[in-house]
Amino acid sequence: MTDHKVPVTVLGGGSFGTTLANLLASNSVPTTLWLRNEEQASEMREQRENTRYLPGIKLDPQLTVTTDMASALSAAELVFLAIPSGAFRSVLQQIGPGLAGKGLISTTKGIEQPGFLMMSQIVEQEVPEARVAVLSGPNLAREMAAGALTATVVASDDEALSAQVQDVLGCQSLRVYASQDRYGVELGGALKNVYAIISGMAAAMGVGENTKSMLITRALAEMTRFAVHMGANPLTFLGLAGVGDLIVTCTSPMSRNYQVGHALGKGLTLEESIARLGQVAEGVNTLKVLRQKSLEEGVYMPLVAGLHAIIFEQQPLADVIGRLMSAEQKHDVEFSAFMASTPLTKEQK
Ligand SMILES: NC(=O)c1ccc[n+]([C@@H]2O[C@H](COP(=O)([O-])OP(=O)(O)OC[C@H]3O[C@@H](n4cnc5c(N)ncnc54)[C@H](O)[C@@H]3O)[C@@H](O)[C@H]2O)c1
Ligand SMILES: O=P(O)(O)OC[C@H](O)CO
């Protein structure tokens with residue numbers, strides 16, 4: 001780690017943006033958090049707390065909180081984006097050339113439709129001169145904010161940018177691992193939200209431990225099958241941004257996607273489940289996008305099809321479970337052919 005830290009701005013004053021900004025400021029990184037709501041910003045400046053999205057966590061005295069985008073961006077060398085996927089492109093469009101040349105790191109775990117675009121692909125379209133990375137992993141905001149030991153992945157083909165991100169974020173409570181599979185890392189973060197909804201629903205129904213394990217493991221098989229079809233490296237899904245994030249999101253009641261699934265499993269409607277949450281659960285939109293894409297691409301995704309049938313096609317749960325359990329019994333692990341055709345590098349040996 002270097003002593004001199006580059007100035008960083010975080011865009012988005014929700015739970016994850018606030019968590020990242022606070023962690024950066026605690027790491028002695030000159031940090032500005034930008035959010036759109038002036039009332040919330042002034043409350044955060046005065047009370048040193050984000051009572052709406054991160055109650056109970058004190059903000060570092062050195063953290064600057066502003067709604068003025070121009071001043072937030074003027075000095076920043078790195079910009080972390082923690083804006084929900086539905087607003088991601090419009091926020092970039094508002095900023096325009098103010099981001100050119102900076103290192104832009106997306107932390108948003110969603111997919112844009114039309115186009116089936118990852119957030120970093122939107123960054124490339126809207127800010128062609130930017131350096132691009134993504135940050136993803138098993139990173140529940142509230143735990144990170146409370147200092148729980150955590151690991152994450154920065155993925156970029158710009159190794160210098162990955163090293164800068166490791167430098168500003170890495171600390172006694174957070175390890176930042178690097179990857180060059182940006183697409184796979186980003187896809188892992190988006191896809192696991194769908195399976196977290198299924199897991200929350202299963203938990204609410206009181207399923208057994210075998211069932212929970214089967215769901216998570218088959219979810220990993222299904223998301224990896226899709227990702228490999230789309231060009232990602234299956235090995236990425238054995239890492240923190242794959243199985244790591246899948247485990248935490250499918251098992252923790254702190255996950256908002258799990259909470260939506262749990263509410264659905266208790267009999268609430270989708271609208272009621274989302275309203276009760278009051279925060280973003282990206283998996284709901286990702287489910288729609290993914291179902292459509294899997295049909296277009298002809299990728300077998302029975303769990304995605306089943307959840308879509310329950311939520312958006314009003315099919316009875318018992319019918320969907322019956323179909324899942326009577327489907328053809330295929331392979332456990334599917335990527336032996338890929339592994340055989342991809343010899344290990346010297347570093348991997
Ligand atoms: N919370 C987590 O544990 C966590 C961890 C890793 C990644 N993420 C990802 O981070 C992204 C943001 O999630 P979050 O947890 O911070 O959500 P959140 O629901 O806690 O907060 C969303 C924030 O986005 C802001 N926002 C919405 N539309 C906006 C717009 N048009 N312009 C500016 N701000 C806007 C809201 O005002 C709010 O501050 C999501 O894609 C999520 O998957 C979240
Ligand atoms: O609360 P969720 O379901 O959006 O999940 C948060 C993070 O993505 C967990 O890594």
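In this text the structure is predicted, and so the values were computed from the model without any measurement.

1. A few points about the UniProt feature "binding site: sn-glycerol 3-phosphate" (unreviewed entry) in the protein
- Feature annotation in UniProt assigns "binding site: sn-glycerol 3-phosphate" (unreviewed entry) to the following positions: Lys109, Gly137, Lys192, Asp245, Ser255, Arg256 and Asn257.
- Positionally, lysine 109 belongs in the loop between strand S7 (103-106) and strand S8 (111-112).
- By relative accessible area, which is 17% here, lysine 109 ends up buried.
- Among the polar contacts listed, one links the side chain of lysine 109 to the backbone oxygen of glycine 137, at a separation of 3.0 Å.
- Structurally, serine 255 can be placed in the loop between helix H10 (240-251) and helix H11 (256-265).
- Accessibility expressed as a relative area gives 3% for serine 255, which makes it buried.
- Among all residues touching serine 255, those that are not within four sequence positions of it are Leu140, Ala196 and Thr249.

2. Section: the site of ligand 2
- Neighbouring residues of ligand 2: Lys109, Gly137, Pro138, Asn139, Leu140, Lys192, Asp245, Thr249, Ser255, Arg256 and Asn257.
- Here an oxygen atom of ligand 2 and a side-chain polar atom of aspartate 245 are 2.6 Å apart.
- Serine 255 has a polar side-chain atom sitting 2.7 Å from an oxygen atom of ligand 2.
- Relative to its unbound accessible surface of 310 Å², ligand 2 loses 92% to contact with the protein.
- Taken together, the residues that form the shell around ligand 2 break down as 2 nonpolar, 5 polar and 4 charged.
- In terms of domain composition, the shell around ligand 2 takes at least three residues from each of domain 1 (8-180) and domain 2 (191-340).

3. Here we look at the sheet that holds S7
- In spatial order, the strands read S5-S2-S1-S6-S7-S10-S11-S12; together these 8 strands make up an open sheet with mixed pairing. Each edge of the open sheet is held by one strand with a lone partner, namely strand S5 (64-66) and strand S12 (174-179). Direction aside, neighbouring strands of the sheet carry axes that sit 25° apart on average.
- On top of the sheet, helix H8 (residues 182-204) reaches S7, strand S10 (131-136), strand S11 (150-155) and S12; it is set at about 40° to S10, its chief contact.

4. Remarks on the site of ligand 1
- Around ligand 1, 23 residues are found, and the nearest of them are Ser15, Ala141, Arg256, Val280 and Glu282.
- Secondary structure elements with two or more residues in the shell around ligand 1: helix H1 (15-26) and helix H4 (85-95).
- Looking at which domains feed residues into the shell around ligand 1, each of domain 1 (8-180) and domain 2 (191-340) supplies at least three.

5. Details of H10
- Of all the positions in H10, only Ala241, Gly242, Gly244, Asp245, Leu246, Val248, Thr249 and Cys250 are classed as buried.
- Here the buried face of H10 lies against S10, S11, H8, helix H9 (209-229) and H11.

Scoring rules and cut-offs
- Residues numbered from 1 in each chain as written.
- Chains lettered and ligands numbered in written order.
- Predicted model: local features only at pLDDT ≥ 70, side-chain atom pairs only at ≥ 80, totals over all residues.
- Heavy atoms only, no water.
- UniProt positions renumbered as here; feature names shortened; annotations may be inferred.
- Helix = DSSP H or I, 4+ residues; strand = E, 2+ residues; numbered from the N terminus.
- Buried < 20%, exposed > 50% of the residue type's maximum accessible area, 1.4 Å probe, protein only.
- Polar contact = N/O pair within 3.5 Å; in protein donor to acceptor, adjacent residues only side chain to side chain.
- Contact = heavy atoms within 4.5 Å.
- Near = heavy atom within 4 Å.
- Areas by Shrake-Rupley, 256 points an atom, 1.4 Å probe, with all protein chains shown as cover.
- Nonpolar A, V, L, I, M, F, W, Y, C, P; charged D, E, K, R; others polar.
- Domains from an automatic or database assignment.
- Pairing = 2+ DSSP bridges.
- Axes fitted to C-alpha atoms, helices over the stretch in contact; angles between N-to-C directions.

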